[in-house]
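# A closer look at the structure
So you can see what is in the structure, the chains are spelled out below.
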Amino acid sequence: MSAYTARTHRQQPPAPESGSGAFWMVAALLLGLTLAAVGFFALMMWADARDARDDAAQPAAAEPAAATHVHAAADHNTALPLASFAGVVPENAAELAEAHKAYDATLPPIPAGDLVKVHMTLKDMTVEIAPGVKYNTWAFDGHGAPGPVVHVREGQTVEMTLTNGGSIPHSIDFHAARIAPNVAFKDVSPGESIKYRFTASDPGVFMYHCGTKPVLAHIANGMYGAIVVQPKEALPPVDNEYVLVGSEWYLNGDGIDEPASLDMAKARARMADWITFNGYANQYVTHPLTADPGETTRFWVVAAGPTNNVNFHVVGTLLDRAWVNSDLTQFQRNVQTVIVPAGGGAVFDVKVDQEGLYPFVSHAFADVDLGQVGLLKVGNPKGTMSH
Ligand SMILES: [Cu+2]
């Protein structure tokens, strides 16, 4: 698994072969051609300028086209042509990946009592989304992305308080809630808070996210997370439980010398630069999740998007139990790959007997190439994964 070999952001141009006669002959020829081309384009520009002057003298017949141009110019996050920064990392990426503290995927315990109070403060903050790649997020609870995992039991009441410590309005929408969204999920101005309650009546793993318009931008900027609602009647017991939130990032720069921000045109075009589990490319390749041979591991998976599904698959085994669409009333057995739709969730149990490194991926392999892969390290295998 070559995680960071794609390319680094400073590539040296090839050195010219100085002192070669052939080189100078070619150079002279190219110079001549260039001068001819410049002359031709100068002539064309003069003709265009004359046409434009003539057009300006006409009544404003082309108003709608002009208005469209103004709109495009106002969208200053748009850079054309769309430039990809996929796989662009600094030279010391491997070292930085090692130093990165991986997002803790372990499912946290359920708080006691009938009422679970959750308080998140939104912050504008810069986080790393790949080794040496910085991004300006709007983050839930100072976590970067995803926000904290909320874990409750079916029947508990969640009291959500959202404080907006950012610079523009935000909100929080829980897919696990049955509640009037115009009341609960409304925008909160900077410096203000909103508080609402809902009963966790539906078990499963659900997405939460900012629902402020344009939602594409707010989710793409890191405003998402997972809430796990355990069913009253317990699922089969397992040995390890991990939460994975899939998402993708759309960058207006490589994020290396200065943090990148959202490129909205790329988000609309679905042209991601990085695709991640828990917000950081390949973090569980460098820092694998663990299990012992013979243990069963449960993955609670949410696809936050904003747009991509997660095609969940574990290399080297099958999904022993798959609660598709996080419908916990029934599961499929021994399936290979399950789609977790953008805005959806699913739960997977995997029992691995043989020691080894088992990659968990989105089996849409462009996603793996952009960082949506991790390892389940079973036991203490020797060597590294070369898949
Ligand atoms: Cu928001």
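Below is a short write-up of the structure. Just so we're clear, the structure is a prediction, and the values are computed from it rather than from any experiment.

Reading the values: the criteria
- Residues numbered from 1 in each chain as written.
- Predicted model: local features only at pLDDT ≥ 70, side-chain atom pairs only at ≥ 80, totals over all residues.
- Heavy atoms only, no water.
- Helix = DSSP H or I, 4+ residues; strand = E, 2+ residues; numbered from the N terminus.
- Donors = N, O, S within 2.8 Å, 3.2 Å for Na, K, Ca; no water.
- Tetrahedral: all angles 85-135°; square planar, octahedral: opposite > 155°, others 65-115°.
- Buried < 20%, exposed > 50% of the residue type's maximum accessible area, 1.4 Å probe, protein only.
- Pairing = 2+ DSSP bridges.
- Axes fitted to C-alpha atoms, helices over the stretch in contact; angles between N-to-C directions.

Moving on, we come to unusual backbone geometry. Omega for the peptide link from Ala-145 to Pro-146 comes to -5°, which places this bond in the cis form. Inspection of the secondary structure puts Pro-146 in the loop between strand E4 (133-140) and strand E5 (150-153). The backbone of Arg-270 sits at a positive phi, close to 60°, despite the residue not being glycine. Its location among the elements puts Arg-270 in the loop between helix H6 (264-268) and strand E12 (274-277). Phi at Asn-334 is positive, roughly 55°, even though this residue is not glycine. In this structure, Asn-334 sits in strand E17 (residues 332-335).

The protein atoms that coordinate the copper ion are His-170 (ND1), Cys-210 (SG), His-218 (ND1) and Met-223 (SD), at distances spanning 2.0 to 2.5 Å. Each of the 4 donor atoms around the copper ion contributes to a set of angles spanning 90 to 134°, which defines the coordination as tetrahedral. Judged by relative accessible area, His-170 falls into the buried class, the value being 1%.

Taken in spatial order, the 5 strands line up as E13-E21-E20-E15-E18 in an open sheet, and their pairing is mixed. Only two strands of the sheet have a single neighbouring strand rather than two, namely strand E13 (289-291) and strand E18 (337-340). Each strand of the sheet is rotated relative to its neighbour by a mean of 25°, with strand direction disregarded.

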